[in-house]
Amino acid sequence: MNKFYGTGIAIVTPFHADGQVDYDGLKNLINYLIDGGVEYLVSLGTTGESATLNSEEKKKVWAYTADVVKGRVSLVAGIGGNNTAEVVEQVKEFNTTGYDAILSASPAYNKPTQEGIYQHYKAIAESSSLPVILYNVPGRTSSNVSADTTIRLARNFKNIIGIKEASGNFDQINQIMRDKPEGFLMISGDDPVSFPMIALGAVGVISVIGNALPRQTSDMIRLCLNNNFKAAQKGHYDLIDFTRLCFVEGSPAGVKTALKQLGICGDTVRLPLVQVSDHTAGQIIKEIQKF
């Protein structure tokens, strides 16, 4: 699964001012990211505001993204939700053309037990013709996929190939890294901690800030993967303030502000998200101009 080593980007979904999907902006972004040297893209993860796109919009975005990418980089589709039966149907009906894997966040709101989480992913794995990457993001889902559950899934389903781990819990990360099967991928889901996670054995990041700074992000990650942590350290520290600003008023509003400043696409988000305040926008613009 070397195609998921390095920097993946959880790409934003550009919208016009009226809220409709901006396909020209999406094409600009995809080409900008590929030119920036990233290894793969994730279409309609949570950063893509997938919760506010209807099923027809999702199908169009996935198909358009694959058409623009044209195999130049690996491509992952974000398919998740808190209704297991509905997610399974989406996975079964998904047009896999151009896609290499599915990224599926654990169920939000329901707060299932660990057995419930296991059975949810079991159903997805058994219905998917593509490899599956787990996504643990307790800050959004209000429940954690424990290390034991991750290891159990990794051992029992060959097509569950990795986890995007965004718990920020290094005790948990340590346990997964120690006990995971050979070849199971640990991927950082948190831009600020990708550096230390790679030091522990993670194979890269699925990044938000890389939407705006693909070259800087992917260069830093490659240095880490080449065990050149001293050289990577400068890039890591250079990104700290920009990363903080991108998340201070929620994601992806912050990084969309940066993308607007760069002329890639607009900064419109769909309710219940709103654009960042003028104060934060000014700080983001000032920071992006340093690169």
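Attention here is on the structure that accompanies the text.

What counts as what
- Residues numbered from 1 in each chain as written.
- Predicted model: local features only at pLDDT ≥ 70, side-chain atom pairs only at ≥ 80, totals over all residues.
- Heavy atoms only, no water.
- Phe/Tyr/Trp six-rings, centres within 6.5 Å; stacked < 30°, edge-to-face > 60°.
- Helix = DSSP H or I, 4+ residues; strand = E, 2+ residues; numbered from the N terminus.
- Buried < 20%, exposed > 50% of the residue type's maximum accessible area, 1.4 Å probe, protein only.
- 1 Å grid on protein atoms, 1.4 Å probe; cavity = no way out; pocket = protein on both sides within 12 Å on 5 of 7 lines; lining within 4 Å.
- Points joined across faces, edges and corners; volume = space filled by probe spheres on them.

We now examine the packing of aromatic side chains. Evaluation of the coordinates by the stated rule reveals seven aromatic pairs. Here the aromatic rings of tyrosine 23 and tyrosine 64 are separated by 5.1 Å at their centres, their planes lie at 65°, and the arrangement is edge-to-face. Of this pair, tyrosine 23 sits in helix α1 (residues 23-35) while tyrosine 64 is found in helix α2 (residues 55-69), placing the two residues 41 residues apart along the sequence. Judged by relative accessible area, tyrosine 64 falls into the partly exposed class, the value being 22%. Seen from their ring centres, phenylalanine 242 and phenylalanine 291 are 6.3 Å apart, and the 70° between their planes marks the pair as edge-to-face. Of this pair, phenylalanine 242 sits in helix α11 (residues 240-247) while phenylalanine 291 is found in the segment after α13 (278-288), placing the two residues 49 residues apart along the sequence.

Attention now moves to the layout of surface pockets. One number sums up the size of the largest pocket: a volume of about 1,100 Å³. For the lining of the largest pocket, the elements supplying multiple residues, two or more each, are α2, α3 (84-93), β4 (101-105) and α5 (138-141). The dominant element in the lining of the largest pocket, judged by the number of residues it contributes, is α2, at six residues. Considering only enclosed or pocket space, the second largest pocket measures out at about 290 Å³ in volume. Around the second largest pocket, the lining is made up of 18 residues, and of these Val137, Arg140, Gly189, Asp190 and Phe247 lie nearest the centre.

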